[in-house]
Each structure stands twice: as C-alpha cells, then as structure tokens.
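Residue-level listing of the chains:
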4 protein chains.
Amino acid sequence: MSFNTFGKIFRFTTWGESHGPAIGCVVDGCPPNIKITEKDLQIELNRRKPGQSKFTTQRKEDDKVNILSGVFEGKTTGTPISMIIYNKDVRSRDYETIKNKFRPGHADYTYFKKYGIRDYRGGGRQSARETASRVAAGAIAKKVLHSKLGSKYKVVGAVTQLGILGCDTSKWDEKFIYKNPFFCPDKSIIKLWEKYLLGIRKSGSSCGAIIEVRAKGVPTGLGAPIYSKLDMDLAAAMMSINAVKGVNIGSGMNSAQLNGEQNSDEIIQKGKKTNFQSNNAGGILGGISSGQDIIVSFAVKPTSSILSSRKTIDKFGKNTSISVRGRHDPCVGIRAVPIGEAMMHCVLLDHYLMNTAQCKS
Amino acid sequence: MSFNTFGKIFRFTTWGESHGPAIGCVVDGCPPNIKITEKDLQIELNRRKPGQSKFTTQRKEDDKVNILSGVFEGKTTGTPISMIIYNKDVRSRDYETIKNKFRPGHADYTYFKKYGIRDYRGGGRQSARETASRVAAGAIAKKVLHSKLGSKYKVVGAVTQLGILGCDTSKWDEKFIYKNPFFCPDKSIIKLWEKYLLGIRKSGSSCGAIIEVRAKGVPTGLGAPIYSKLDMDLAAAMMSINAVKGVNIGSGMNSAQLNGEQNSDEIIQKGKKTNFQSNNAGGILGGISSGQDIIVSFAVKPTSSILSSRKTIDKFGKNTSISVRGRHDPCVGIRAVPIGEAMMHCVLLDHYLMNTAQCKS
Amino acid sequence: MSFNTFGKIFRFTTWGESHGPAIGCVVDGCPPNIKITEKDLQIELNRRKPGQSKFTTQRKEDDKVNILSGVFEGKTTGTPISMIIYNKDVRSRDYETIKNKFRPGHADYTYFKKYGIRDYRGGGRQSARETASRVAAGAIAKKVLHSKLGSKYKVVGAVTQLGILGCDTSKWDEKFIYKNPFFCPDKSIIKLWEKYLLGIRKSGSSCGAIIEVRAKGVPTGLGAPIYSKLDMDLAAAMMSINAVKGVNIGSGMNSAQLNGEQNSDEIIQKGKKTNFQSNNAGGILGGISSGQDIIVSFAVKPTSSILSSRKTIDKFGKNTSISVRGRHDPCVGIRAVPIGEAMMHCVLLDHYLMNTAQCKS
Amino acid sequence: MSFNTFGKIFRFTTWGESHGPAIGCVVDGCPPNIKITEKDLQIELNRRKPGQSKFTTQRKEDDKVNILSGVFEGKTTGTPISMIIYNKDVRSRDYETIKNKFRPGHADYTYFKKYGIRDYRGGGRQSARETASRVAAGAIAKKVLHSKLGSKYKVVGAVTQLGILGCDTSKWDEKFIYKNPFFCPDKSIIKLWEKYLLGIRKSGSSCGAIIEVRAKGVPTGLGAPIYSKLDMDLAAAMMSINAVKGVNIGSGMNSAQLNGEQNSDEIIQKGKKTNFQSNNAGGILGGISSGQDIIVSFAVKPTSSILSSRKTIDKFGKNTSISVRGRHDPCVGIRAVPIGEAMMHCVLLDHYLMNTAQCKS
C-alpha cells in the first residue's frame, strides 16, 4: 500500500494541502554520510516555484524549505529526513465562490465522490503544490547519486512541445534550456513559443505540453523484472504527476509504427565500450537499464482552470457553469520539467539501491 | 519491494521460465466465496495462447492451467490461489546457437549484465510466456468484479493500430473484435491488415501495434492519491507488459495539443445521472475514477526476433551478428490484447478493495 | 520496505531526533469524515509526556502537537495527516562529555557501526522521544475505531510488574489505573511499588517492567493469515517500542507449561452469544481475532542510563567507563503504557480496514 | 500488504492447504549465482518432516521438494524460485465427522467467522503443514548467507523446555541436539523428557515447549530502525509460526526483573575485537545487530488436538463436544525447531540485503 509514499528503498511520503499551513515531505531510506544542505534543495525548488515569469502563475511563493531531521552536522545520518515548506501567498477567499462547484478537468468531482469531503481551497490536496515536495526529495536523490556515480551522472529535462508547436530535438542545446523560461532546448523555436503562449494567456485559455527527461551516466543493471521494471516505475512516476496523461520510454507510442529492423538497436563493441547504434529502447531492455541514456517523455494536459465558461454541476447535483479567474499557469507543463527530473532521480536511486541489495551484496 | 509481485491488496506473484518445467502464479488477497473453476481461467488463457492463427507464433502450447490451492468446493476461501501451467512445446536446442549472443531489442544483454547469469533458452524469464500467468490472475479478478459489480462491469481490448495502419475507432464493433485474429474493432480495415501482416511475416520482419483497453461500469472513487493514483497504477501495469514502450490515459500524448476548452470534459446532470460531454480524461480525474469509461492505450514495439541479420556482440565482448529463425509472432502486439485486459481487471479490483478499505469501511 | 513506516493500510511514518528542532508523524490511509481535533491528540500525549511525577524523567516537554494537514473543518479528509511536536527542553551540552562513548544497553554502538555517523544528542533517533509520534497516531486510530465500532471498543493498558514486584491482575481495577503514576491496576500493591521505585531512583539505578494491554469489543475476523496474522503484527508493534525485549499473547511464554486440556479454551453458545470458557489464546486463534478480549503483554528492560560506572569503549576503540547522570526515568516501562495502547489501536485499525477490504467488500 | 508473503527484499510467498494436491513457496529477491540443489533443501525439510519418531505425528510425508524455476545449471539466476511439495498421506475422511465442529484451540472458528468458508480437511490453510514451505525458503537463505558470510555464520535451534520440564542451557551441547528426537541441547535431561512425553502421549494429551534459536557470526549493523528493527522482524517471524504465543529476545520477559546494572552488557575492547561481557540484549541494540550472538526464544502452546472431550459449538451455533483422535504430535513444539531456524535465516538475509542497500551501496 502506498497512498502518499513513493519508492521502495529510497522512499518519500508527501503531505499537505495548497492552502493549509504547510506542505512537506519525509524521505526515508536515504544512505548515510551524504552531504546535504538546505541550499542544495532550495536551488532545485527555485526552478519549480511559481511567479518567476509571465508564463507561469503569479502566485508568489518563496517555497523556502526547512530540514527538520535526518541531517546532522551537514550529513545525512540514515534516519528520516523531514522537510517542510510553509504556504504563504494563500488567497482562500478566491475559492469561496466555487467551493460547491466541480471544476471540469480538475479532481473536485472525484475527490468529493470518493471521500465525501474535500478541502476546496486552491484544490486542497489535488493541487500541483504537492510537487514541490517531490522536487525536494529529488534534490536529495540527486546528491546521493552524484556521490555514488560521480559527475558523469546527469539528468536534464526540457519542454519539447508547447501546445501544437513541437521543437526540433535534434537541436537540443542543454545550456539554452537553463536560460529560457520554457525550459526549451531548441533556440530556433523560442520566439514562436513566446508569441503563442502569450496569445493563449491573453485569451484566458491554456495549452498542453510534452516534457522529455534524459538521464546520462546511468549504470547497466538497474531495474528488477518483472514488476519492478525500471520503465514500469518510471511510467508510474511520471503518470503520478498532476495533469500527466501519457508516458513514453524511448520511441514510445511511435514504436507501433516501426518495423523490426528499424526498432532493433544494434550493438557494437569498441574496445572496452559497448555502443548501441540507436536508442529506440530509451535505454531500457526487459525493464533493465542498458547503459544508454534513459529517455522518458510525458504529456501534460492543458491547465484546466480557464476563463471561458464551462458547463458543470455543483455538489448538490444541480447544473451550473463555471469560469475560473485567478492566478493560473497558461501551460502548467512548463513547471513540470523540474518535477520530471526529480522523479527520474528518485526512481534511479531507488533502483540503484535495489540493485545493490540483490546483485552487489 | 515487489520484484515479481503485482498489486497491493489483490496481489499476484508470477514465476517460471520459458523453457523450465512450468510457469505459474500465486494470487493473494482474493475475497472469499467467489465461484471459480479452472474452466473460467482456461477461457481467458485460450485467447492469449500461441499457435491459433497464421498471424501468431507456431509454438503449440495448450496453456492448460491447474489450480493447486485456495479454491474449495468451487469457491475461493480467501487463502492464496496457486496456479500452474506446464511448458510443453519446448525446443531448447533452437537456442543453442545463440546462447552466447545478445539478441538486439531483447533483454539478453541487460539480464546478463545485471545478474551475471541467464537462462538463455527461449528468453528464460524475459519471455512473454510469463504473461500467461497474468491472464490467469486477471481471470480471477474479472470473476470477483463481476460478482461485486454485476454485468454492467465489462472490459474490452482491441488492436487499434497495426504497424503503420491505424483503424477507425469510431467504427468500434465489440462483437467483431472476438471474431477476427487481430482483435480488430473495425471491420473495414481487416482485409488491409491481413495483407499487410502477411507481407511482414513473409519477409521475416515484424511490426508494432497499439492496443486500447476500455472498462465500462467502473464505480466512481477508485484510485488513491497521490502515489496510488488509478492512472499511475494502470500506466505501471501496462508498461510492465513485455515490449510495451508507451501508455496513454484517455487523450494521452495528444493532450499536449489540446487547449483548455477542448480538454475540459464538461459535466451535465440528467436526473440521477451525471454525464460528461467528452472523455479526454479517460475516466480518471486526479487519479480517481469518475464513473466514465476507463480508457487506456499502449504501444507494443515490433517483435525483436527477425530474420534479417543484425549486428551484435556476444557475452565475451566480441562483435558478431545474429539472425533469428524460429517460431515468432510477426506482431507480438496482437496477443497483448488479453494481457492488457487482464491487467485492467487486476488494477481495478485492487483499487476497488483499497477504496472499500479506506472509504467504505 | 518500511524503515520508519508502520502499518499496511492505516500507516504512519515517524521522523525526528531527540534534540533536533522537532519530531513528527505522517498518518496515511485514515478514513475520511472522522472528527479529530488537536485536543483529542493532546489528551493522549499528556499521558505519555515526561516530567509528570517523581517517578519519571524531569525533562519538561509540553509535547504540544500541531496538525498541519489532512483535517479540514474538524474532519479528516482521507489525505495524509501531518503532525508536529517541537522539542523544547533540550540540554544538548549534557551529552558533550559522552559524545564519543557508547553507553552500554543503548544503541550508540550499533547506530555508529551501522551508519558510520550518529546524532549523539539525547540519543538522537534512538531516543524514546520518537514514541510521542506513535501516541499521536494511536489517538487518531482510536477515534476512527470508536467511530466504526462504538463505545464497546476499548483499550486499556497497565503496568503489571515493576522490577521484581508483580501485581495481582485478578484485582484489575480500571479506574484505579488512571489515578496512580504507575498505571498500576492493583490498589493493594501501590505502596510497595512506591517505596521500591523511590529506592531504585535514589540509588541511581533502574528497573524493568511488564505492561499488559487489553482490548475489548474487537470484532471477530481481524487478522490475515499467514504473514499478516494479528498476533504477528501485535508482536512486531510491541517489540518495536524502545527497550522491549519480550512479547506475550494471552498465556504467552507460560503456554509452554500448560497441557492440552488446560490450554484449550472451550466454547459454549448462550443464545446469540458465543462464550469462551477461558482466554489462554489472548483472543487470537490462527492469527485471527475470536471476539474475546485481545490480551498482549510485553517486558521493558531497565533504563540503560544509570549512575554507577560501567565499562565501555569509545568510537576510537579505546576502553573507558561511563556513568550517566541527567534526567532519566528510573523505570522507563511506566511511560510505555500509553505507547502500548497506541500501538494496539493502530494495529487493530489496520486489520479492521484490511478485513473490510478482503472480506466485507 | 503481505497476507501470505514474508520479507522485504528476500521475500517468500507460501500457498497450499493440508489436504490439497500440493503446498509450495515462491522465493523472490534471491541474489543470483548462488549454488542451490534440491538436495540442499531436502536436508532441511527432512528435519521437519513428520513421522520420524514416536514423539511426532505418524502422518507419513516424504516432503519431497521440487524446484520449478529460478535455478539454472545449478545456480540461482535472480528470478523467482518456485518450489512445490506434493501432499501424499492425506486421510481427509478422518475429518468428515468434525467438519462442522470448531476444534477448541484451533483456528476453525475464526477462519469460518472471517471468511464464511473453510477447507476443514486437516485444518486446511491453518495446518502447520504450511511451515514446510518456510523450511524450504530458509534453506535457500542459509545457502546465500553462507556464501556471503562464510562458515562462521551458523544458526542452531533447540528445545529448551518441554512442558513443565526446562533443561539446563548452560549444558548446551550442539552436537547432541542433532542426535536426539527432541532437539534437546542438554544430555542430562533426555531420559526424563522421554518418559514425560511418552506419558503425555499415552494419555492422549499434549504439552507445550520453548524453543531457543541462536545465530552466530552475524555482522554488526543488521536491522533498520524504527519499524524494520531486527528484533521486531524476528518477533514477527516467530509469532507467525503456528501455535507460538510468546517471543523473547535475549533475556526477554525476564528483563523486567533485572536492574540497570545487571542488564547493561558492558563492553571491552581486546585488540581488534569488541567483547560484550554479557548478552542480555540477545545481540540486538536499538533494533540493530551488535555482532554478539542473536538469541531468540519462543513458546509453542500444547497441540490443540487431544483425546479428551472438550466443549465446543458447531457452525450452526449449536453446543456440542469434540474429542480428536488421529495422528497428532503430542508436542508440536519439537518440530518447530527447524522452522525457527528457517525464519532466523530468512530474517537475517533480508536485513543483510537491506543493510547492503542502504549502508554499503
């Protein structure tokens, strides 16, 4: 059972609602003697936090994280690491008018039907605010993996499609990703994206996105068949992110259109190095990492909170309509980039530890 | 930890290699007093078993299942249900020539790198033969859900794309699915598919496929946020199937291209019935079932065993090449239909029981 | 894996060190719509908190608990309930002199050997301060069970042996338990215990204790064979409490001395009521509750921190000696009573929910 | 959730009823490249099997075990190891007369109340026959631990009390244990035990026993606080064995009677060796192994099937009585020795792997 806990050995449990006093995360199973500071976490959290450009929600949150346990004299001790982020820029009154209505596309209806009660303020527990906790957990996983695997280990995410506009991933420019508010890897498309998203925003609409996350320097052998396959756990990890509706590993859904010859990633040995001639597999064969780059992409649906009026019902079963004003991301997919990276780190560390237990013990 | 176990309350553990004496499955957490016979299981297994048409592998396996425990006087007792299927049409000598070579696209390389040992005969544990166990477990889950939810509960899978040829899902004809060897729901495309796949087969090549699985009559409220979301568990379930590389829930990867207005599934109350005007969400909001049909699709890559010669290496790190003769499915995706259905049953039952525990207790 | 998480469906995760900023607990899987206030928790925590009589440590801790999530408008929402207790009366300098020494009977040596690092202040994570979190979790479980089972459900714990002095459990007086600082159920022994423990305390020594916890009004059918037996989980729960070295169910270790006739709890039906003529089984048969009172007892070893000098080594492997001054319980077993009750509530609720899932769905 | 599965990384799932076609076990998470033969398992199973002396049940079972998967060319492959033992000497008609009656002390009543159905033949799933599966799993764990830790690792169990007759554990003679049908470690008591148990048997009665299991050569650092403590998991493991009612670690329940000076196991360094002056802790401090011998003891209640008539009720709620003839162990505790050893191996291996994952990765 794992309601609010993710992971097997490296495990994190998140808690908190959008408009409660705080949100937080308990990381368990972290190896001891890893150097961690609040600053390490803050760097990652800052990449996700809202209000950083005109392309994201204007809710201002410091997302300042405090470590309450598990780190002693700057190092992890092997005991649970509890982290807390206080909620600050909360305007619960914004939600008074819609507290009895179910916003289409949101989980208002299903939470109410399931639990018979829901904290409607800012979406309560269903809010993407929960993902800040994942980013904090991911920052710890990243530190551990760097400590174990060295600097060759690296995870980079980017937005590769914004609404109807795909970018050219063959022009992937890692440095550029960090310099634009879209986490876009393709400099040539950036102007178009800006114009497109401003249009979306102005009209009070929203758009979806595709995010790609790549991991380099991952050792061969991570992933435990059959029901702890690496790709299975990555698919679960990404699908658990708010608003995600599809996940691809390597060629993903496009694999259906390939024939056997195209799909087989041929192998060639060069000295001590094993080279694959292509990477349709996304670095995973039979659920186990092959040493190639791990490549995962996922689609985020458009933000459900939009200006135009939509038909819906209220909690009393009456027909009504709703139009959501307020501070929303026109494309919530953009801020999913650091979240996808965080989940990649967490899954890889979990499998790294699992593999150590079973195969390196 | 769950290496070879799937599920949380309704759990199954599979074991066995392609060319060992048998494969099998232990189902745990099954509610008591459910009528189950070996025949119930056999019906489902027969839909997956090989050698049924010229479009699947010619390996002949009865896939005859025996129940060894957990059923007494025709009813489940609440104790583990152990099932066994003996392997029969095993030609291990076919694999002698390739026992030291890593077949590209298969998990030969990664199993060997991870474990330092592998049963090369027929792919050993990585063989899709393991999925027979899932179908058996799914048959039990199906019986339980029918017992709990009645006949309105129904799961139907189909192949909606065969290689480069998609079908028209608006022509979905459920009865037709059961009458053609492709599990194709669209009568109008069937001739084309036959011709296409015979061509693929003749040339010793292979192709991928997309499978769609729909569940009707699923109650509202299944799925436990955040890390036991229904879509998360379905994504994991489908991605764990051999050769699957992508999973969509509802509009899936296409969600990226929608805008907020298109994506919001509006809600209208008609008397006692809550109707959604569309189903981009695939029946799941915030990880919880909404009462709409659950719609999942997934891509299966082309069969990796093909006739044409591919470059590869052997276990000693030497460059070599490989050409796989033998009895293989030209499109392994076809037989994934009953497997996808089985996983859908298992996930839904698991969440049905979980929801009962937390919300109906 | 469950490092710092206890439970299967009703699960709690604890975190925090004795001298860190705070300790806390995340309860997951709690059913929705249960009325909970911080006051409900505080009542239970007050029974465990230190500094309440001359028979416990003089460390003064309010143990004031705050709920940070999962409760909305006074009711649980089905989402995780995060609770925090700030540490206040911390005197870390008391530990400076012994920071490199391993206190015999404590876990200093093993934590250091395992993790290579330890927070030595107040015992860090190994401190019994962690048990405050369990009491908070138990208070929630108690509320849920009362809501499900009504007032006939009741858990009462008591100290039945203090060092070498056992009490007469046939004189069990429930009201008296709440009126004496020993949680003693037998009024006739109380004077003797006072004198005995004051003597122990004066000499700077310590003594062990036996605690018995009884649960009434538990439904038949809780407990899931084979590896989720109710007695198995209760044994684990009690053994996980600091300093516990033995656990009995019903007649416990004394069962060895009974013969078959004595041990068989005969059954008689009286109208609608099934009566057992004795309760050697402690209310559990084959791992499943029988409807009789659940009776568990456990032994707590004497407090390891004592005044007299003991031989030990330091972290550099040098022989040395240690004498522990400071604020310690002369009999840490006394404060284990509310902890044992809390664990009983948690285990019973967990099995109540599990049983609902499997057998009442 | 873990209904019929034990363990976290090294996990086994058991299935099967006393009078079904077979019982069995699936071991998952076993490290690869460990030499295992069916003979290795058979040696251990032979120590538990019935019908070996006049002091155990006369049911004749070969308990011949077959390995169906997970071992290739004599070595484990890292995939699940499925084992099966067919039931042979089954006399189900013996149970016809009592099929509707609940045998006092047995789990007939609680299984029926929980599940509403039960396989009454030979106790069905509640039969101690299930423990053969544990012994098989334990045999694998033992092989793995010997491979990792060498021959200094050793687990030995013995009966230290038979009914009212304790033995002198200071006379512990390991070789003698293997030479007497009681697994008694004290040669001086053996004659008395023989006479005593023959008397019990003749009268159709039964008696309880205490079993002590010692593990030598266990590395420091096994056990993960707080809720995967080594002693917690050992207590759970032993309490899960049929008819066990109490578990002690080290001084166990007697700890209550010690004072702080007696209880503190002082530590002295001699060269490279850390020596504890006593072992009240049973080799575990704060839930972590200290490098001392692990010492666990547990009480097994007297066999519930006895000749003398006992009052009970039937499944229709009618008062009746029962007298159980047939083939029963006069002291079922004796055959618990290899079971206790097996559980010790399994728990230690599980923690060895867990510790590797978290602390040695």
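Criteria and cut-off values
Residues numbered from 1 in each chain as written. Chains lettered and ligands numbered in written order. Predicted model: local features only at pLDDT ≥ 70, side-chain atom pairs only at ≥ 80, totals over all residues. Heavy atoms only, no water. Helix = DSSP H or I, 4+ residues; strand = E, 2+ residues; numbered from the N terminus. Contact = heavy atoms within 4.5 Å. Pairing = 2+ DSSP bridges. Axes fitted to C-alpha atoms, helices over the stretch in contact; angles between N-to-C directions. Least-squares fit on C-alpha atoms with pLDDT ≥ 70 in both. Buried < 20%, exposed > 50% of the residue type's maximum accessible area, 1.4 Å probe, protein only. Buried area = accessible area lost by both parts, 1.4 Å probe. Salt bridge = Lys/Arg side-chain N within 4 Å of Asp/Glu carboxyl O. Polar contact = N/O pair within 3.5 Å; in protein donor to acceptor, adjacent residues only side chain to side chain. Nonpolar A, V, L, I, M, F, W, Y, C, P; charged D, E, K, R; others polar. Phe/Tyr/Trp six-rings, centres within 6.5 Å; stacked < 30°, edge-to-face > 60°.

A.B. asks: Can you break down the environment of Ile 34 of chain A residue by residue, with the values?
C.D. replies: Residue and element names in this part refer to chain A. Checked against the element boundaries, Ile 34 lands in the loop between strand 3 (22-28) and helix 1 (38-48). On a C-alpha basis, the gap between Ile 34 and Ser 297 in space is 30 Å, while along the polypeptide they are 263 residues apart. In this structure Ile 34 touches Gly 74, Lys 75, Thr 76, Lys 143, Val 144 and Ser 147, once residues within four positions along its chain are discounted.

A.B. asks: Help me get a handle on the sheet that holds strand 16 (residues 294-300) of chain B, residues and values and all.
C.D. replies: The strand order across the open sheet formed by ten strands is 9(A)-8(A)-10(A)-16(A)-11(A)-11(B)-16(B)-10(B)-8(B)-9(B), and the pairing between neighbours is antiparallel. Edge strands, defined here as strands with exactly one partner in the open sheet, are strand 9 (165-166) of chain A together with strand 9 (165-166) of chain B. As paired elements, strand 8 (residues 154-162) of chain A and strand 9 of chain A share two bridges and run antiparallel to each other. Each residue of the ladder has a partner; that of Gln 161 of chain A, found in strand 9 of chain A, is Gly 166 of chain A. Packed onto the sheet, helix 5 (residues 190-202) of chain B meets strand 8 (154-162) and strand 9 of chain B and runs at close to 60° relative to strand 8 of chain B.

A.B. asks: Tell me about the relation of the copies chain A and chain B, and name the residues and values.
C.D. replies: Aligned on chain B, chain A shows an RMSD of 0.0 Å; the corresponding rotation is 180° and the shift along the axis is 0.0 Å. As the rotation angle and translation indicate, the two copies are arranged about a two-fold axis. The overlap is high: 99% of the interface residues of chain A also sit at the interface in chain B, so the same surface is used on both sides.

A.B. asks: Break down unusual backbone geometry for me, citing the residues and quoting the values.
C.D. replies: Between Pro 225 of chain C and the following residue, Ile 226 of chain C, the backbone shows a cis peptide bond with an omega angle of -5°. Topologically, Ile 226 of chain C is positioned in the loop between strand 10 (209-216) and helix 6 (230-239). With phi around 50°, Glu 73 of chain A is a residue other than glycine that occupies positive phi space. Within the fold, Glu 73 of chain A resides in the loop between strand 5 (71-72) and strand 6 (75-76). If you check the backbone angles, Phe 183 of chain D has positive phi at about 50° while not being a glycine. Counting through the fold element by element, Phe 183 of chain D comes out in the loop between helix 4 (174-177) and helix 5 (190-202). The exposure class assigned to Phe 183 of chain D is buried, which follows from its relative accessible area of 10%.

A.B. asks: Lay out the interface of chain C and chain A in plain terms, naming residues and giving numbers.
C.D. replies: Facing 43 residues of chain C, the contacting portion of chain A comprises 42 residues. Between chain C and chain A, roughly 3,300 Å² of surface is buried when both sides are summed, and carbon and sulfur atoms account for 63% of that area. Contact with chain A buries area across many residues of chain C, yet Leu 68, Phe 72 and Ile 117 of chain C alone supply 19% of it, more than any other trio. Summed over the shared surface of chain C and chain A, the result is zero salt bridges. If you look at where chain C meets chain A, you find eleven residue pairs in polar contact (both at pLDDT 80 or more). For the side of chain C that touches chain A, the secondary structure elements donating two or more residues are strand 2 (11-16), strand 3 (22-28), strand 6 (75-76), strand 7 (81-86) and helix 2 (108-115) of chain C. Examining the composition of the side of chain C that touches chain A, we find that five residues originate from one element, strand 2 of chain C, more than from any other. Partitioning the side of chain C that touches chain A into residue classes produces 17 nonpolar, 16 polar and ten charged.

A.B. asks: With reference to specific residues and values, describe the pairing of strand 7 (residues 81-86) of chain A.
C.D. replies: Residue and element names in this part refer to chain A. Buried residues dominate strand 7, accounting for five of its six residues. Taken together, the six bridges between strand 3 and strand 7 define a ladder with antiparallel strand orientation. Counted as the bridge partner of Val 27 is Ile 81 from strand 7.

A.B. asks: Summarise the relation of the copies chain C and chain A; cite the residues concerned and give the values.
C.D. replies: Put simply, the second copy of the chain is the first one after a rotation about an axis and a shift along it. Its rotation angle being 180°, the transformation that places chain C on chain A also includes 0.0 Å of axial translation and leaves an RMSD of 0.0 Å. Residue by residue, 98% of the interface of chain C is reproduced at the interface of chain A, so both copies engage with the same surface.

A.B. asks: I'd like a description of the side chain of Arg 310 of chain C, backed by residues and values.
C.D. replies: Looking at the secondary structure, you find Arg 310 of chain C in strand 17 (residues 310-313). A polar atom in the side chain of Arg 310 of chain C sits 2.9 Å from the side chain of Ser 264 of chain D. Residues contacting Arg 310 of chain C, with those up to four places away along its chain left out, are Pro 104, Thr 320, Ser 321 and Ile 322 of chain C together with Glu 261, Ser 264 and Glu 266 of chain D.

A.B. asks: Could you give me a rundown of the packing of aromatic side chains, with the residues and numbers involved?
C.D. replies: For the structure on display, the rule yields 40 aromatic pairs over all chains. Their ring planes at 75° and their centres at 5.6 Å tell us that Phe 276 of chain A and Tyr 109 of chain B sit as a pair that is edge-to-face. Here the residue Phe 276 of chain A occupies a position in strand 13 (residues 273-276), and Tyr 109 of chain B occupies one in helix 2 (residues 108-115), the pair thus bridging two chains. Each member of the pair, Phe 276 of chain A as well as Tyr 109 of chain B, carries the same accessibility label: buried. Aromatic pair Phe 102 of chain C and Phe 112 of chain C: ring centres 5.7 Å apart, planes at 40°, arrangement tilted. Placement of the pair is Phe 102 of chain C in the loop between strand 7 and helix 2 and Phe 112 of chain C in helix 2, with a sequence separation of ten residues.

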